[in-house]
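# Coordinate analysis (summary)
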Amino acid sequence: MLTYEDAIVKIQESGQIQLKDLKKLSYDDLYELVEEIKKWCVYANGNVSKLNKIKAKKKKDKKK
């Protein structure tokens with residue numbers, strides 16, 4: 001199974017990722033990758049070196 005970090009490396013090396021690779025990601029990793037790509041396109045002007053290599057940790061809501 002492909003991980004978020006592996007997907008980021010593929011994008012940084014080639015500037016692209018294939019759909020078959022996206023299918024190998026878990027739902028959480030896929031969601032984080034898509035969110036990172038959106039930020040990268042808007043704020044980093046497509047500069048591949050500015051992709052986050054580490055998946056952002058989600059804050060879990062604590063119910064009382």
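A few words on the overall build of the protein chain. Scanning the protein chain from N- to C-terminus turns up three helices and zero strands. Walking the protein chain from its N terminus toward its C terminus, one meets helices and strands in the order α-α-α. Going through the 64 residues of the protein chain one by one, you find that 22% of them count as buried. Taking the contacts inside the protein chain whose residues are at least 6 apart along the sequence as the reference set, 55% of them involve residues at least 24 apart.

Here we take up the nonpolar core. Formed by Leu-2, Tyr-4, Ala-7, Ile-8, Ile-11, Leu-25, Leu-33, Trp-40, Ala-44 and Leu-51, the largest nonpolar core amounts to ten residues. Elements that contribute at least two residues to this core include exactly helix 1 (4–14) and helix 3 (27–43). Broken down by element, the residue count for this core peaks at four residues, all from helix 1.

So, on to the side chain of Asp-21. Within the secondary structure, Asp-21 sits in helix 2 (residues 19–23). Those residues within four positions of Asp-21 in sequence are excluded, and the remaining contacts are Leu-2 and Lys-10.

The predicted coordinates should not be examined in detail at positions where pLDDT is low. Averaged over all residues, the pLDDT of the protein chain is 80; the fraction at 70 or higher stands at 78%. Taken element by element, the predicted model of the protein chain shows its lowest mean pLDDT in helix 3 (87) and its highest in helix 2 (95). Contacts of residues 59–64 to residues separated by more than four positions or lying in other chains number zero contacts, the stretch itself having pLDDT below 50.

The next subject is the pattern of salt bridges. Enumeration over the complete set of coordinates arrives at three salt bridges. The salt bridge partner of Lys-38 is Glu-35, with a shortest N-O separation of 3.0 Å. Linking Lys-38 with Glu-35, this pair stays in helix 3, spanning three residues, or about one helical turn. Residue Lys-38 is classed as partly exposed on the basis of its relative accessible area of 46%.

Okay, the environment of Tyr-31 next. Positionally, Tyr-31 belongs in helix 3. Sequence separation of Tyr-31 and Tyr-4 is 27 residues, and the distance between their C-alpha atoms is 9.5 Å.

Right, let's talk about helix 1 for a bit. Side chains that are three or four residues apart share a direction in an α-helix, a result of its 3.6 residues per turn. Restricting attention to buried positions, one finds in helix 1 the residues Tyr-4, Ala-7, Ile-8 and Ile-11. One face of helix 1 carries all of its buried residues, which in axial projection span an arc of 100 degrees. Next to the buried residues of helix 1 lie helix 3. Directly after helix 1, the chain includes Gly-15, whose backbone phi takes a positive value near 80 degrees.

What counts, and at which threshold
- Residues numbered from 1 in each chain as written.
- Predicted model: local features only at pLDDT ≥ 70, side-chain atom pairs only at ≥ 80, totals over all residues.
- Heavy atoms only, no water.
- Helix = DSSP H or I, 4+ residues; strand = E, 2+ residues; numbered from the N terminus.
- Buried < 20%, exposed > 50% of the residue type's maximum accessible area, 1.4 Å probe, protein only.
- Contact = heavy atoms within 4.5 Å.
- Core = buried A, V, L, I, M, F, W, Y, C linked by side-chain atoms within 4.5 Å.
- pLDDT = per-residue confidence, 0-100.
- Salt bridge = Lys/Arg side-chain N within 4 Å of Asp/Glu carboxyl O.
- Arc of directions from axis to C-beta.

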